[in-house]
Amino acid sequence: YHQAVSSSSVENKNMNFKIPSFARFVRRWGALFRRSWRQNVRDKRVNALRLIASIGQAILFSNIFKSIQKGIPTSRSIADRTALLSFAAINMSMMALMKTIDLFSREKGVVVREQSRQQYTNIEYLLSKAMAEIPLDAGFAAVFTTILKSTTGLRIQLSQLTLSFCLMTVAGASLGFAVGGMTPNSEAAMTVGVPLLVIFMVVGIINPSGVDKDMPPPPIIVRWLKVISPIRWAIESLCVGEFEGMEFAEALDRKKKNNPFSFLSSSWQKIRDLPKMGAFVMVQDGDQILGALGLEGLRYSDLTKNIAILSCAYLAVSWFGLYLGRNSFVEAEGNRKEAQKADRCLVEQDEKSSRQKKIKQ
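Now for a quick tour of the structure. What you are looking at is a predicted structure, and each value in this text was computed from that prediction instead of being measured.

Digging into the overall build of the protein chain
Moving on, step 1. Along its length, the protein chain carries 12 helices and zero strands.
Moving on, step 2. Secondary structure elements of the protein chain, listed N to C terminal, follow the sequence α-α-α-α-α-α-α-α-α-α-α-α.
Moving on, step 3. For the protein chain, the proportion of contacts with a sequence separation of at least 24, taken over those separated by at least 6, is 82%.
Moving on, step 4. With an accessible surface of roughly 20700 Å², the protein chain has 63% of that area assigned to carbon and sulfur atoms.

Here's what the structure looks like:
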């Protein structure tokens, strides 16, 4: 009986220890989430401008790349399809990154000060901030992809197009958290964030000249930059979704004709319709395009999974930056208190010496 009572008391103690801790976590997370969500929703002017920008950029891209028309794709539209998907991914990542860097770096000082008072933890703050920021960014990305898909002849499915761009905004926002967490203020965050985004663009874009397998591999630092570049994975996922299994209208027309010598007719038209750019010259279908770009054998699901993994890694870097910032703040606060204590001691000694002088007089 004594053992049963003791074991039950231990279980009650454990339950009493775990339940309040989890309840405090949920309560603090809920308060932080409401604060972040209200902060985002309250800024109606910025949200309206972002909505207008998403709609306007989709319409602008559709008017610039006019060769991407609805219907069966033509070989002349290959370069435009690749450029459209690349520019759109870069544009979406830039918008998410710049917004998050500006907002996160400005409130970092308040966050570090509140954490030094043990009001909440880094995990609670990052989870609430990400869950308040990411759905709004993904919503603007969904608006962009819906209009882009409806105004152009992109072959990729709307669900895949939207998923890639939503994950791209998530990665851009997470990268903004990482840059803001590792830098001391907003000016330093912008100074680091813009060159970093340019580097990720350079290593992430598709080379229109294709991949020469006889060339030696790039330096290891370039390969690592490619691995941690979300733009690279987003563009590759979009290209795989767009070109995999694609057949050109010219090839389908030749298959429909029964005359084996039909290819001799209108030869000038066929030559004129061939792609005229780097790796896209003389390709016959979408699988050959992926092979020329070095994307053969890649799966869309694996590429999007890499974007999600990168986003989690960026959030971990942000957590580490907040942890370092909190420690430095606590150390600076301790040094400030010690300096104040030393000043008070000097003042007290001066007052004591002045009193002694008055007594002697």
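From this point, the narrative continues.
Side note on the pattern of salt bridges
Moving on, step 1. Applying the stated rule across the entire model yields seven salt bridges.
Moving on, step 2. Residues participating in the shared-partner salt-bridge network are Lys 99, Lys 129 and Glu 133.

Re the packing of aromatic side chains
Moving on, step 1. One pass over the structure, following the stated rule, counts five aromatic pairs.
Moving on, step 2. Ring plane angle 85 degrees and centroid distance 6.1 Å describe the contact between Phe 61 and Phe 144, whose orientation is recorded as edge-to-face. Placement of the pair is Phe 61 in helix 2 (residues 44-64) and Phe 144 in helix 4 (residues 122-151), with a sequence separation of 83 residues.
Moving on, step 3. Given the relative accessible area of 11%, Phe 61 is considered buried.
Moving on, step 4. Of the aromatic side chains, those joined through ring pairs into one cluster are Trp 29, Phe 33 and Trp 37.

Thoughts on the packing of helix 3 (residues 78-116) against helix 5 (residues 158-182)
Moving on, step 1. Closest axis-to-axis distance for the helix 3/helix 5 pair is 7 Å, and the angle between their directions is 35 degrees. Where helix 3 crosses over helix 5, the handedness of that crossing is right-handed.
Moving on, step 2. For the contact of helix 3 with helix 5, a count of residues per class yields 16 nonpolar, seven polar and one charged.

Some points on the side chain of Thr 183
Moving on, step 1. Along the chain, Thr 183 turns up in the loop between helix 5 and helix 6 (186-204).
Moving on, step 2. Among the residues examined, Thr 183 registers a relative accessible area of 7% and is labelled buried.
Moving on, step 3. Separated by 2.6 Å, the side chain of Thr 183 and the backbone oxygen of Val 179 make a polar contact.
Moving on, step 4. Excluding residues within four positions of it along the chain, Thr 183 makes contact with Lys 108, Ala 188, Ala 189 and Val 192.

A look at a nonpolar patch on the surface
Moving on, step 1. On the surface, a cluster of nonpolar side chains totalling about 690 Å² of accessible area is made up of Ile 123, Leu 127, Met 182, Val 317, Trp 319, Phe 320, Tyr 323 and Leu 324.
Moving on, step 2. Of all the elements in the fold, those that place two or more residues in the nonpolar patch are helix 4 and helix 12 (300-360).
Moving on, step 3. With five residues, helix 12 is the largest single contributor of residues to the nonpolar patch.
Moving on, step 4. What makes Trp 319 partly exposed here is its relative accessible area of 34%.

Some words on the environment of Ser 77
Moving on, step 1. Looking at where Ser 77 falls in the secondary structure, it is placed in the loop between helix 2 and helix 3.
Moving on, step 2. On the basis of relative accessibility, which here comes to 0%, the residue Ser 77 falls in the buried class.
Moving on, step 3. For the pair formed by Ser 77 and Phe 248, sequence separation is 171 residues and the distance between their alpha carbons is 9.8 Å.
Moving on, step 4. The residues contacting Ser 77, other than those within four sequence positions of it, are Ser 67 and Ile 68.

A few points about the packing of helix 3 against helix 6
Moving on, step 1. Remark: helix 3 packs on helix 6, axes separated minimally by 9 Å, with the N-to-C direction vectors making an angle of 160 degrees. Relative to helix 6, the element helix 3 is oriented roughly antiparallel. Handedness of the crossing formed by helix 3 with helix 6: right-handed. Residues Ile 90, Ser 93, Met 94, Leu 97, Met 98, Ile 101, Asp 102, Ser 105 and Arg 106 of helix 3 form the contact with helix 6, whose participating residues are Ser 186, Ala 189, Met 190, Gly 193, Val 194, Leu 197 and Met 201.
Moving on, step 2. Class assignment of the residues belonging to the contact of helix 3 with helix 6 gives a composition of 10 nonpolar, four polar and two charged.

The rules behind each value
Once a new chain begins, its residue numbering starts again from 1 and follows that chain's sequence as written. In keeping with the predicted nature of the model, local features appear solely for residues at pLDDT of at least 70, side-chain atom pairs appear and are counted solely at 80 or more, and the whole-chain, interface and lining totals rest on all residues. Side-chain metrics rest on all non-hydrogen atoms present in the structure, leaving aside hydrogens and water. The helix and strand labels rest on DSSP assignments: H or I over at least four residues marks a helix, E over at least two residues marks a strand, and numbering proceeds from the N terminus. Contact definition: two residues touch when any of their heavy atoms are within 4.5 Å. Here the open area of atoms and residues is found with the Shrake-Rupley method and a 1.4 Å probe, where only the protein chains shown may cover a residue. What makes a salt bridge here is a side-chain nitrogen of Lys or Arg within 4 Å of a carboxyl oxygen of Asp or Glu, nothing more. Classification of ring pairs uses Phe, Tyr and Trp, with its six-membered ring standing for Trp, and accepts pairs whose centres are within 6.5 Å; under 30 degrees between planes counts as stacked, over 60 as edge-to-face, and the remaining range as tilted. When accessible area is computed with a 1.4 Å probe and restricted to protein chains, residues below 20% of their type maximum are described as buried, those above 50% as exposed, and intermediate ones as partly exposed. Working convention: axes come from line fits to C-alpha atoms, limited for helices to the stretch in contact. Angles between N-to-C directions cover 0 to 180 degrees. The handedness criterion is simple: a crossing whose near helix is rotated anticlockwise from the far helix by less than a right angle is left-handed, and one whose near helix is rotated clockwise is right-handed. Three classes are used: nonpolar for Ala, Val, Leu, Ile, Met, Phe, Trp, Tyr, Cys and Pro, charged for Asp, Glu, Lys and Arg, and polar for all others, with Gly counted as polar. Any pair of nitrogen or oxygen atoms within 3.5 Å is treated as a polar contact; in protein, a donor-acceptor pairing is required on top of that, and neighbouring residues in sequence qualify only through side-chain atoms on both sides. Each patch is built from salt-bridge-free residues with over 30% relative accessible area, joining like charges within 9 Å and nonpolar side chains (Val, Leu, Ile, Met, Phe, Trp, Tyr) within 5 Å. In what follows, roughly perpendicular refers to angles from 65 to 115 degrees, roughly parallel to angles under 35, roughly antiparallel to angles over 145, and oblique to any angle outside these ranges.

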